[in-house]
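Summary of the model geometry
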Amino acid sequence: MQDTQLLNEGFALMGLGMGFVFVFLTVLVITTTLMSRIIGRYFPEPAPAHPASTSGRSAAARDDDVMAAISAAVHRHRRRHRR
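Values in this document were obtained by computation on a predicted structure and should not be read as measured data.

Cut-offs applied
Residues numbered from 1 in each chain as written. Predicted model: local features only at pLDDT ≥ 70, side-chain atom pairs only at ≥ 80, totals over all residues. Heavy atoms only, no water. Helix = DSSP H or I, 4+ residues; strand = E, 2+ residues; numbered from the N terminus. Rg over C-alpha atoms; globule rule 2.2 N^0.38 Å. Buried < 20%, exposed > 50% of the residue type's maximum accessible area, 1.4 Å probe, protein only. Patch = residues over 30% accessible without salt bridge, like charges linked within 9 Å, V, L, I, M, F, W, Y side chains within 5 Å. Areas by Shrake-Rupley, 256 points an atom, 1.4 Å probe, with all protein chains shown as cover. Salt bridge = Lys/Arg side-chain N within 4 Å of Asp/Glu carboxyl O. UniProt positions renumbered as here; feature names shortened; annotations may be inferred.

Looking at the overall build of the protein
Across its full length, the protein carries two helices and zero strands. A compact globule built from 83 residues would reach a C-alpha radius of gyration of about 12 Å, whereas the protein, at 30 Å, exceeds it by more than 25%. The C-alpha extent of the protein, read off along each of the three principal axes, is 85 × 55 × 15 Å. Here the protein, with 83 residues, has 0% of them falling under the buried criterion.

Remarks on a nonpolar patch on the surface
A surface patch of nonpolar side chains, amounting to about 680 Å² of accessible area, comprises I30, L34, I38, I39, Y42 and F43. By the element assignment, I30 lies in helix α1 (residues 3-42).

A closer look at the UniProt feature "transmembrane region" (unreviewed entry) in the protein
Listed under "transmembrane region" (unreviewed entry) in the UniProt record, and renumbered for this structure, are residues 12-34. Its end C-alpha atoms 33 Å apart, residues 12-34 is made of 100% helix and 0% strand.

Laid out in structure tokens, this is it:
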């Protein structure tokens with residue numbers, strides 16, 4: 001077999017392999033998109049339930065408390081693990 005003939009067969013095999021992978025990935029993307037739309041249409045996510053505020057505090061005050069707790073925890077962790 002000559003080098004040019006071997007090279008041509010290699011390119012043909014490469015083109016066939018790349019074409020197969022391209023077609024497979026295209027079908028995979030289309031199938032995944034269709035499945036996502038079908039699931040979204042027939043099984044929608046339930047609306048999130050809003051928790052009742054029993055303490056009468058505003059959300060901003062709770063957020064401030066959470067931020068203070070996180071800041072204190074980070075400060076304590078850094079103080080304990082100094083090098």
